[in-house]
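Given next are the chains, with one letter for each unit.
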Amino acid sequence: MKSYQIAVVDDDAQILEIVEAYLYKEGYRTLTLSSAEAAWELWKNDPPDMWILDIMLPGMSGFELCRKIRKEAEVPIVMISARDDEVDRVLGLELGSDDYLTKPFSPRELVARVNRLFHRLSSIREAKENAATSQPGHTAIEVGELRLVLEERRVFWHEEEIEMTLKEFELLQLLSEQPNRAFTRDELLTLIWGDNYYGYDRAIDDLVKRLRRKIKELPIDTVRGHGYRLRTERTGH
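As the structure is a computational prediction, the values presented were derived from the model and not from experiment.

Draft legend 1. Summary view of the overall build of the protein. Helix and strand counts for the protein come out as eight helices and twelve strands. Going through the 237 residues of the protein one by one, you find that 49% of them count as buried. Taking all contacts inside the protein whose residues are at least 6 apart in sequence as the whole, residues at least 24 apart take part in 58%. Looking at the protein as shown, the accessible area adds up to about 12000 Å², and 47% of this sits on carbon and sulfur atoms.

Draft legend 2. Main features of the side chain of Lys167. Its location among the elements puts Lys167 in helix H6 (residues 166-177). Ignoring anything within four residues of it in the chain, the contact list for Lys167 reads Asp98, Leu117, Arg120, Ile192, Trp193 and Leu207.

Draft legend 3. Main features of the nonpolar core. Residues Leu146, Ile204 and Leu218 are the most contacted members of the largest nonpolar core, which totals 28 residues. Within the residue set of this core, elements represented by two or more residues are strand S6 (140-143), strand S7 (146-149), strand S8 (154-157), H6, helix H7 (185-193), helix H8 (203-214) and strand S12 (227-230). Discounting chain neighbours no more than four positions away, the residues touching Leu218 are Leu146, Trp157, Leu172, Leu211 and Leu230. Counting residues in hydrophobic clusters, the runner-up holds 23 residues, among them Phe63, Cys66, Val75 and Leu95.

Draft legend 4. Seen up close, helix H3 (residues 62-72). For H3, the set of buried residues is Gly62, Phe63, Leu65, Cys66, Ile69 and Arg70. Buried residues along H3 cover an arc of 160 degrees about the axis, so they all sit on one side. Away from its buried face by more than 90 degrees, H3 exposes Lys71 and Glu72.

Draft legend 5. Main features of empty space enclosed by the protein. Summed over all chains, the structure comprises one cavity of 30 Å³ or more. Put simply, the largest cavity is a space of about 40 Å³. Lining the largest cavity, in full, are Asp99, Arg113, Arg116, Leu117, Arg120, Lys167, Ile192 and Trp193. If you list the elements that add at least two residues to the lining of the largest cavity, you get helix H5 (107-134) and H7. If one sorts the elements of the lining of the largest cavity by residue count, H5 sits on top with four residues.

Draft legend 6. Looking closely at the packing of H6 against H8. It is the contact of H6 with H8, at a shortest axis distance of 10 Å, that shows an interaxial angle of 90 degrees. Put simply, H6 runs roughly perpendicular to H8. For the pair H6 and H8, the contacting residues are Lys167, Glu168, Leu171 and Leu172 in the first and Ile204, Leu207, Val208, Arg210, Leu211 and Lys214 in the second. Residue composition of the contact of H6 with H8, by class: six nonpolar, no polar and four charged.

Definitions and limits used
Residues numbered from 1 in each chain as written. Predicted model: local features only at pLDDT ≥ 70, side-chain atom pairs only at ≥ 80, totals over all residues. Heavy atoms only, no water. Helix = DSSP H or I, 4+ residues; strand = E, 2+ residues; numbered from the N terminus. Buried < 20%, exposed > 50% of the residue type's maximum accessible area, 1.4 Å probe, protein only. Contact = heavy atoms within 4.5 Å. Areas by Shrake-Rupley, 256 points an atom, 1.4 Å probe, with all protein chains shown as cover. Core = buried A, V, L, I, M, F, W, Y, C linked by side-chain atoms within 4.5 Å. Arc of directions from axis to C-beta. 1 Å grid on protein atoms, 1.4 Å probe; cavity = no way out; pocket = protein on both sides within 12 Å on 5 of 7 lines; lining within 4 Å. Points joined across faces, edges and corners; volume = space filled by probe spheres on them. Axes fitted to C-alpha atoms, helices over the stretch in contact; angles between N-to-C directions. Parallel < 35°, antiparallel > 145°, perpendicular 65-115°, else oblique. Nonpolar A, V, L, I, M, F, W, Y, C, P; charged D, E, K, R; others polar.

Structure below.
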């Protein structure tokens, strides 16, 4: 397993110590920081492979740091907060975080979520390498004016490239691979986050909102009481 480097940003020294110990035991290299300003300097000089960000930080908030990082890269971001507030969870996900945990949280659960995120990244990289060595060209999915280039994790709408986070791309890929199929929210949660996901149960709704915001004419239907589907014919909502 590659020794990934994870930056943990929290102004609570005890949390930093506990999280660092659990991540180190799992084989990760860890950097701990107590402010978003210090984290931003790290990002500019030696960016880590993943961020774990507290929301309530002195000075710049975790929300603002997440926004700044997401503007520049698709590095995985896990947000943590002492406030069990739906507004905070929604905002964190809308800003592009890949997961959200409420304090107090189990360090083992945090490690499990970190492992799942890195596993998905490894799968994507492996698929890219396999495609480069064994298949000419690029595998693409096309649904109407939507095109996904899988090996490169790129999305095009009317030939214009649209930036996507890891989770946004995974949801769009799932819907595009089986257009017109109505997926339940539970199915999508399991397929994207894994069987043992116990986080925010409206995460799929938030991902759909983000996709609709980025591609306003994207034909994603809400199937009432069920979930979502991607239509191949745009004949109303």
